[in-house]
Structure formats: structure tokens, C-alpha cells
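# Chains, contacts and geometry: an overview
Spelled out, the chains give:
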Amino acid sequence: MPPKRVPVKRKHNEDSAAEAAPSTRATRSSTRNSKAASSSASTSKSADKKTIEEEGDQLQETEAFSTAKKMKTTKASTKATTAATKTAKASTKKSTASSSNDDNVILQTKGSIPEATTPSTISEPPASAKKQPPPSRISSTNEPYTPARGQALFKEYEEGDEPNTIGSEGFVRLCSDANFAMDGSLPLILAWQLGTKEMMKITAEEWRKGTQSLQISSLPALALAVNDLADALILNKTVTTQKTKTDIYDKTVYLKYCQDKKASFNKLYMFCFTLVKPE
């Protein structure tokens, strides 16, 4: 039986279909691969996006944790500072209160003296136990002149290592007891009236002649005589021109000086010049 003939058109369609089948399969395979690749890429992108989001979330959490930690540290530091300030204030209050209490105790102690220590209950020490002040060489009352009293006054200032002489130390003590300032004119007037030959030195003979001329044997009389001459010749004060019964020394020489104050001052000046002039 002869083979069945296929129509040309059908055969052509079948051949085209047979040829198109591999192409379709390839296309489908390509499409699947493309979809798989696209899906893989999409999945990769999603994974990357998720990773980025997770990293961002983690970074935000880290920053939030760091910020919270800093805030906690700041709060803790603030609390510690506040606590330290409160402690310091409490210590200051306590110190002030303690000082105030101490002051009150001191004031109370000062204000309330025990009876055992009050002046009314303190017994007076015996007279022999009291320190007696040294007796003053200037008598409170003037004594009439006598050569013996004049000599006794000289002996009180006489130097032990140089008999019959009042040396520099004795001269200073004499001026101090008579209230003569050593930097003033009174010591020079004293030396002038006694006729001394050396500064701050009085011999027994010079003392005897000078005190006998003035009728002086006590420090009050000696101090008055020297001050009277200073008032008349140095300060140019008004002076008395006659003797009185109340005079405690002989003013004969004094009144003679007052008759011519300028001449008398020149005598005093020349005496001082000669006294301090080196030999």
C-alpha cells in the first residue's frame, strides 16, 4: 500500500513546529533562567537591604545605648556632686555649730568665775613675799643742805672701779634719776654748774665745790636748779629777780646769770664747746 501523502501545507506546519520546538524550549529555559537570576538578584537585594537595615538598627541601638550610658554617667556625676555639696554644707554647719558651742562655753567660763578663784577669796600674800620696788633716790621732800648729805648723794653714783669719781654710767643714772634727757641741754647745764673738765665725768672735788656754791644736797634741789637755768637761758622764760624763803637752793648764782642772759648764754656755749673739743 503506497504511503499516505501528507499535504504540503500540513507538512510545512509540522516542520515549522518541529523547528520551533527547540527554539521555544530554549526561550522558556532562558526565561526560567532569567527569572531565576532575577529572583536571585531580588533575593540578594532584599538580603542586602535587610542587612543594611539590620546594621542601621544595630547602629541606632548602639548610639542609643551610648547616649543612655552617657546620660546615666552624667546623672550619676551630678548626684555625686550634689551629695558632696550637701556633705560640705553639713560639715560647715557642724563646724559652725561646734565653734559657736565652743565660744559659748568660753563665754560661760569667762562669765562665771568659780567662787574659789574670785578676788574676794584669794588670800593676800605675806608682806615679806611681795616684791618691793627699788627705793627712789629722789626724796619727795627737800632736805636742807649739809656737806654730809651732799657727799652721801655723790657716793650713790660713784664708780666702784674709780673712787672719788662719777663715771659715764653713774652720770647717766644721775641724769635719769633727775629726769634729765640725755639728748637735751640739761646734762650740759649740770656739767657747767659743777665745772667739770671731762664729758660725763664728775670728780669728788668738782661735786663738792658745785653743790656747796648752790647749797644743794638732794636731787629735787639739783633738778630744780638746772631746770631754772634752762628756762632762763635756753627757753628765755620770765624769771624771778629776787630770793624767797621757799627757795630750796641758793639762787645767788642763778640771779646773777639772769641779769645778762645773753652773756650768760655765751658762757654756757663756750663751756660746752671746750668740753666737747678733742684734745
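An account of the accompanying structure is given in this report. (Residues numbered from 1 in each chain as written. Predicted model: local features only at pLDDT ≥ 70, side-chain atom pairs only at ≥ 80, totals over all residues. Heavy atoms only, no water.)

### Thoughts on the overall build of the protein
Put simply, the rule is: Secondary structure elements follow DSSP: runs of H or I no shorter than four residues count as helices, runs of E no shorter than two count as strands, and numbering proceeds from the N terminus. With a 1.4 Å probe rolled over the protein chains alone, any residue whose accessible area is under 20% of its type maximum counts as buried; one over 50% counts as exposed, and the rest are partly exposed. Every residue pair with non-hydrogen atoms within 4.5 Å of one another is taken to be in contact. Accessible areas in this description were obtained via Shrake-Rupley with a 1.4 Å probe; residue shielding takes into account the shown protein chains only.
Along its length, the protein carries eight helices and two strands. Walking the protein from its N terminus toward its C terminus, one meets helices and strands in the order α-α-β-α-α-β-α-α-α-α. The buried share of the protein, reckoned over its 279 residues, is 21%. Once local pairs closer than 6 in sequence are excluded, the contacts in the protein between residues at least 24 apart make up 62%. Of the accessible surface of the protein, which amounts to about 20,900 Å², a share of 56% is contributed by carbon and sulfur atoms.

### Focus on helix H7 (residues 252–259)
The cut-off we apply is this: Note that the arc is defined by the directions from the helix axis to the C-beta atoms.
Tyr254, Leu255, Tyr257 and Cys258 are the residues of H7 that are buried. Along the axis of H7, the buried residues cluster in a sector spanning 155°; they form a single face. Turned more than 90 degrees away from the buried face of H7 sit Lys256 and Gln259, all of them exposed. Of the surrounding secondary structure, the elements contacted by the buried residues of H7 are helix H4 (186–194), helix H6 (219–234) and helix H8 (261–276).

### Some remarks on the packing of H4 against H6
Selection criterion: Whenever a helix is involved, its axis is fitted only over the stretch in contact; in every case the axis is a line through C-alpha atoms, and angles between N-to-C directions fall within 0 to 180 degrees. Our angle categories are set so that under 35 degrees counts as roughly parallel, over 145 as roughly antiparallel, 65 to 115 as roughly perpendicular, and the remainder as oblique. We call Asp, Glu, Lys and Arg charged. Ala, Val, Leu, Ile, Met, Phe, Trp, Tyr, Cys and Pro are nonpolar, and the rest, Gly among them, are polar.
Two numbers describe how H4 lies on H6: the axes approach to 9 Å, and their chain directions differ by 110°. In terms of orientation, H4 lies roughly perpendicular with respect to H6. Contact residues: Leu186, Ile189, Leu190, Trp192 and Gln193 in H4; Leu222, Val226, Asn227, Leu229, Ala230, Leu233 and Ile234 in H6. Looking at the contact of H4 with H6, its residues break down into 10 nonpolar, two polar and no charged.

### Quick notes on the packing of aromatic side chains
The description of an aromatic ring pair rests on the distance of the ring centres and on the angle between the ring planes. Under the convention used in this document: Think of it this way: a Phe, Tyr or Trp ring, Trp meaning its six-membered ring, pairs with another when their centres are within 6.5 Å, and the plane angle makes it stacked under 30 degrees, edge-to-face over 60, tilted otherwise.
Within the structure shown, the criterion is met by two aromatic pairs. Between Phe154 and Trp207 the ring centres are 5.9 Å apart and the planes differ by 50°, which places this aromatic pair in the tilted class. In this pair, Phe154 is assigned in helix H2 (residues 147–157) and Trp207 in helix H5 (residues 204–214), connecting sequence segments 53 residues apart. Note on Trp207: relative accessible area 1%, which makes it buried.

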